[in-house]
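# Geometric and topological summary
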Amino acid sequence: MFKTDTPWAGHLQGSTGYRRILAALACAGVATFAQLYSLQGILPFISRDLNVSAAQAALSISAATVGLAVAVLPWSFAADRWGRVRTMGLAVILATILGLLVPLSPTFEALLVLRFLEGAALGGIPALAIAYLTEEVSPRNATAAAGAYVAGTSLGGLFGRLLAGPVADVAGWRMGTLAVSLCAAAAAVAFLVLAPKPRGFVPARSEGFGSVLGKLLPQLRNGKLLALYAQAFLLMGSFVSVYNYLGFRLEAPPYLFPASAVALLFLAYLAGTVSSKMVATLASRWGRRTVLLGCTGAMVAGLALTLAAPVAVILMGLVLFTAGFFGAHSIASGWTGALATTGRAQASSLYNLSYYAGSSVVGWSSGLVFQQLGWSAMAGVLAVLALVAAVAAVTLLPGRPVTSSRNQSTSQID
């Protein structure tokens, strides 16, 4: 890897470059996460239209996240040669094209293939976004920038679900998906226009595949990073499971929610938008591990509330659960970039591989529990997974260091 003679100090919060980076990544987040999870709110439609079970319908989500998980490392290798922005631009263009083909799927099997390819293309965004932020934004603002990016991704996911549900109610799930893909295409164009030229990284054009692959080994030997990857797998798997199957629960008696009402459940994502931005301030005061554990506890408390029968209590639980998840994800994803001193793109990609592997594996398998044993049993299993994540955090992640107040205000690596 070649470095410039004068190290790039990074865009400061409030600068034009800082605002453009966040705006560009917000657009990339819409293009990525609106498409990735647009089917989640309309899984009952897919189940009925293609004559498949709830767990099978959820495979349309898992296929995309499996594709994304297996693609994040290849995208990170490509970015080391071609640059972050160029690679993310290519990824978002390919994903948008494939997203426009998804509504044309003639069979369930074809739908799964297209969703896998779409997810693989989408992998270029989350694989590189945090590495791009870490390299281009001043270290003192990196945690806040990561929180803002995660908040933007939550809005992108919310937008896709809110749009697909009502359109599907009127014109079917295919038109709902198409509407989201068209909006994602516009967001992709905005990303290409807004993203500033990278200044903190020079592509390593002379490195071979073996050399780049060697960057993975330090990450896989780092217990702290492995603990963060465990957070990604277990917490994301729990999060996707709740949103995959809560619609099936509320569509059935005694609730009988229509698809448009189920789509409104995703307004709970706004709690995640708020929490993912708040945790940076809390972490600077209490330490990352403490805030991460607090967010995990909020997820478990939210799951407990969803066991109640009244819709109002279920919704309160969903809001608390969502806020806890996005807070935990913001802390863990930002901490990954801070702990990786070399191979930052690969460290970030391994986090995303774990994140979307959890979405795929847990998001599908928990549906089998839901179908056989019901919501309470599934919530209990997810609570156990969250507890395992907390144990890994306590065991392997460092607590807040004892430093002076001055150092606490300037250091983000704890």
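Residues numbered from 1 in each chain as written. Predicted model: local features only at pLDDT ≥ 70, side-chain atom pairs only at ≥ 80, totals over all residues. Heavy atoms only, no water.

## Here we look at unusual backbone geometry
- That bond from Pro253 to Pro254 is cis: its omega, 5°, falls within 30 degrees of zero.
- For Pro254, the location among the structural elements is in the loop between α11 (223–251) and α12 (259–264).
- A positive phi angle, close to 55°, is found at Asn51, a residue other than glycine.
- Summarising the element assignment, Asn51 is placed in the loop between α2 (43–49) and α3 (54–82).
- In this structure, Leu256 is a non-glycine residue whose phi angle is positive, near 55°. (Helix = DSSP H or I, 4+ residues; strand = E, 2+ residues; numbered from the N terminus.)

## Considering a nonpolar patch on the surface
- A contiguous nonpolar surface patch, about 390 Å² in accessible area, is contributed by Val66, Val70, Val113, Phe116 and Leu117.
- Sorting the residues of the nonpolar patch by element identifies α3 and α5 (108–122) as the ones contributing at least two each.
- Broken down by element, the residue count for the nonpolar patch peaks at three residues, all from α5.
- You can see Phe116 is positioned in helix α5.
- With relative accessibility at 33%, the residue Phe116 sits in the partly exposed group. (Patch = residues over 30% accessible without salt bridge, like charges linked within 9 Å, V, L, I, M, F, W, Y side chains within 5 Å. Areas by Shrake-Rupley, 256 points an atom, 1.4 Å probe, with all protein chains shown as cover. Salt bridge = Lys/Arg side-chain N within 4 Å of Asp/Glu carboxyl O. Buried < 20%, exposed > 50% of the residue type's maximum accessible area, 1.4 Å probe, protein only.)

## Remarks on the confidence of the model for the protein
- Overall, the predicted model of the protein reaches an average pLDDT of 83, with 87% of residues at or above 70.
- Contacts from residues 402–414, a stretch scored under 50 in pLDDT, to residues over four places away or in other chains number 18 contacts. (pLDDT = per-residue confidence, 0-100. Contact = heavy atoms within 4.5 Å.)

## Considerations on the nonpolar core
- In terms of nonpolar packing, the biggest core is built from 121 residues, with Leu25, Tyr149, Phe191, Phe239 and Tyr356 touching the most fellow members.
- With residues near it in sequence (within four places) discarded, Leu25 still touches Met88, Ala129, Tyr132, Leu133, Tyr149 and Phe191. (Core = buried A, V, L, I, M, F, W, Y, C linked by side-chain atoms within 4.5 Å.)

## What about the packing of helix α13 (residues 269–286) against helix α15 (residues 311–339)?
- Relative to each other, α13 and α15 sit at 45°, their axes nearing to 7 Å. In terms of orientation, α13 and α15 fall into the oblique class. Note on packing geometry: the crossing formed by α13 with α15 is right-handed. For the pair α13 and α15, contact is made by Tyr269, Ala271, Gly272, Ser275, Ser276, Val279 and Ala283 and by Val319, Thr322, Ala323, Phe326, Gly327, Ser330 and Ile331, respectively.
- Looking at the contact of α13 with α15, its residues break down into eight nonpolar, six polar and no charged. (Axes fitted to C-alpha atoms, helices over the stretch in contact; angles between N-to-C directions. Parallel < 35°, antiparallel > 145°, perpendicular 65-115°, else oblique. Left-handed = near helix turned anticlockwise from the far one by under 90°. Nonpolar A, V, L, I, M, F, W, Y, C, P; charged D, E, K, R; others polar.)

## Regarding the pattern of salt bridges
- This model, assessed by the stated rule, comprises two salt bridges.
- With a shortest N-O distance of 2.9 Å, Glu251 and Arg48 are connected by a salt bridge. Placement of Glu251 in helix α11 and of Arg48 in helix α2 is noted, with a sequence separation of 203 residues between them.
- A residue is classified by how much of its surface remains accessible, and Glu251, at 23% relative accessible area, is partly exposed.

## With respect to the side chain of Ser47
- Checked against the element boundaries, Ser47 lands in helix α2.
- On the accessibility criterion, Ser47 (13% relative accessible area) is buried.
- Reaching out from Ser47, the side chain makes a polar contact with the backbone oxygen of Val52 at a distance of 2.5 Å.
- Among residues more than four places away in sequence, those in contact with Ser47 are Val52, Ser53, Ala54, Ala57 and Phe248. (Polar contact = N/O pair within 3.5 Å; in protein donor to acceptor, adjacent residues only side chain to side chain.)

## Focus on the packing of aromatic side chains
- Applying the stated criterion across every chain yields a total of 17 aromatic pairs.
- Residues Tyr269 and Phe326 carry aromatic rings whose centres are separated by 5.3 Å and whose planes lie at 70° to one another, so their mutual orientation is edge-to-face. A residue pair is termed long-range when its members are at least 10 positions apart, and Tyr269 in helix α13 and Phe326 in helix α15 qualify at 57 residues. Accessibility classification places Tyr269 together with Phe326 in one group, the buried group.
- Judged by centre distance (4.7 Å) and plane angle (80°), the rings of Tyr355 and Tyr356 are edge-to-face. The same class applies to Tyr355 as to Tyr356, namely buried.
- One aromatic cluster in this structure is built from Phe239, Tyr243, Phe266, Tyr269, Phe321, Phe325, Phe326, Tyr351, Tyr355 and Tyr356.
- A cation over an aromatic ring shows up here: Arg48 above the ring of Phe45, its NZ or CZ 5.3 Å from the ring centre. (Phe/Tyr/Trp six-rings, centres within 6.5 Å; stacked < 30°, edge-to-face > 60°. Lys NZ or Arg CZ within 6 Å of the ring centre and 35° of its normal.)

## A closer look at the packing of helix α1 (residues 16–36) against helix α8 (residues 173–194)
- With their axes 8 Å apart at the nearest point, α1 and α8 run at an angle of 155° to one another. With respect to α8, the element α1 is oriented roughly antiparallel. Here α1 and α8 pass one another in a crossing that is left-handed. Residues Arg20, Ala23, Ala24, Leu25, Cys27, Ala28, Val30, Ala31, Ala34 and Gln35 of α1 form the contact with α8, whose participating residues are Val180, Ser181, Ala184, Ala187, Ala188, Ala190, Phe191, Val193 and Leu194.
- The class makeup of the residues in the contact of α1 with α8 is 16 nonpolar, two polar and one charged.

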